[in-house]
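Listed below are the residues making up each chain.
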Amino acid sequence: MSLRKTELDGDFDQAALVAGEEKAWGRFIARFTRVVASAIRTVPGVGVPGRGESSDLVQDVFVKLLADERRLLKSYDPARAAPATWLTIVARSIARDRLRAKQLPGVPIDDVPEAAFATDPVMPAEKIEVPPGLLSPRQELILSLLYDQDMDVADVAAFLKIEAQTVRSMHHKALIKLRAHFAPTDTGDISPSPSLLRDRR
């Protein structure tokens, strides 16, 4: 902890600040804002959206120095630290307190009832039966690779050694055939499984 006085510390007139002298406060804010801001930037969490912006925390520090009839300023002991050193420590402490106050309350995972983790089971989609001959062998293969093997278009193209656009085109034409075949009729509304018709690009 440094006790060395600097030119910067010359604008820290404790008695005048405690007395609330306007000129003393003007010099103090002008000269020590950078010291306070630099100290705050070293605190983890500063700058994280929703937690603590540096400019807001700098203001919090000066407000805290004025609070309770300048109680914090009165506690400064020049025999223990230079003003800039003391302000650095104070600024970090205030910033950490403000950040902790903005944190969402946490609950230990062991205290959470098991029922809170329960999720509804995911039922597998019913696979539709495609009539023989409705699709070409290449279209059937592409649909199988896309949906049964869960490959993307680029992987299918590389596997079949064809262009990705060709895969997209054959996929599109196959879906048109399936939609036409399974279109709603007078006897009921029958459509292909959503798992088969989800977008593949």
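First, a word on what this report is: a plain description of the structure on this page. (Residues numbered from 1 in each chain as written. Predicted model: local features only at pLDDT ≥ 70, side-chain atom pairs only at ≥ 80, totals over all residues. Heavy atoms only, no water.)

Here's the deal with the nonpolar core
Phase 1 of the analysis: Residues Phe12, Phe28, Ile40, Leu65 and Trp86 are the most contacted members of the largest nonpolar core, which totals 30 residues.
Phase 2 of the analysis: For this core, the secondary-structure elements that each account for two or more residues are α1 (14-19), α2 (22-41), α3 (54-74) and α4 (83-102).
Phase 3 of the analysis: Every residue in contact with tryptophan 86, bar those within four places of it in the chain, is listed here: Phe12, Leu65, Leu72, Leu73, Ser75, Tyr76 and Ala81.
Phase 4 of the analysis: Residues Val153, Ala157, Leu160 and Leu178 belong to the second largest nonpolar core, which totals 17 residues. (Core = buried A, V, L, I, M, F, W, Y, C linked by side-chain atoms within 4.5 Å. Buried < 20%, exposed > 50% of the residue type's maximum accessible area, 1.4 Å probe, protein only. Helix = DSSP H or I, 4+ residues; strand = E, 2+ residues; numbered from the N terminus. Contact = heavy atoms within 4.5 Å.)

Observations concerning the side chain of glutamine 139
Phase 1 of the analysis: Assignment of secondary structure puts glutamine 139 in helix α5 (residues 137-148).
Phase 2 of the analysis: Of the polar contacts made by the side chain of glutamine 139, one reaches the side chain of lysine 177; its length is 3.2 Å.
Phase 3 of the analysis: Beyond its immediate sequence surroundings of up to four residues, glutamine 139 is in contact with Met170, Lys173, Ala174 and Lys177. (Polar contact = N/O pair within 3.5 Å; in protein donor to acceptor, adjacent residues only side chain to side chain.)

What about the packing of helix α6 (residues 153-160) against helix α7 (residues 164-181)?
Phase 1 of the analysis: With their axes 8 Å apart at the nearest point, α6 and α7 run at an angle of 110 degrees to one another. Classified by the interaxial angle, the pair formed by α6 and α7 is roughly perpendicular. Note on element contacts: α7 touches α6 through Ala164, Val167 and Arg168, opposite Val153, Val156 and Ala157.
Phase 2 of the analysis: Class assignment for the residues of the contact of α6 with α7 results in 5 nonpolar, no polar and 1 charged. (Axes fitted to C-alpha atoms, helices over the stretch in contact; angles between N-to-C directions. Parallel < 35°, antiparallel > 145°, perpendicular 65-115°, else oblique. Nonpolar A, V, L, I, M, F, W, Y, C, P; charged D, E, K, R; others polar.)

Side note on α6
Phase 1 of the analysis: Among the residues of α6, Val153, Val156, Ala157 and Leu160 are the ones counted as buried. The arc enclosing the buried residues of α6, seen along the axis, measures out at 100 degrees, which places them on a common side. Within α6, the exposed residues directed more than 90 degrees away from the buried face are Ala154, Ala158 and Phe159.
Phase 2 of the analysis: Turning to α6, the residues buried within the fold contact α5 and α7. (Arc of directions from axis to C-beta.)

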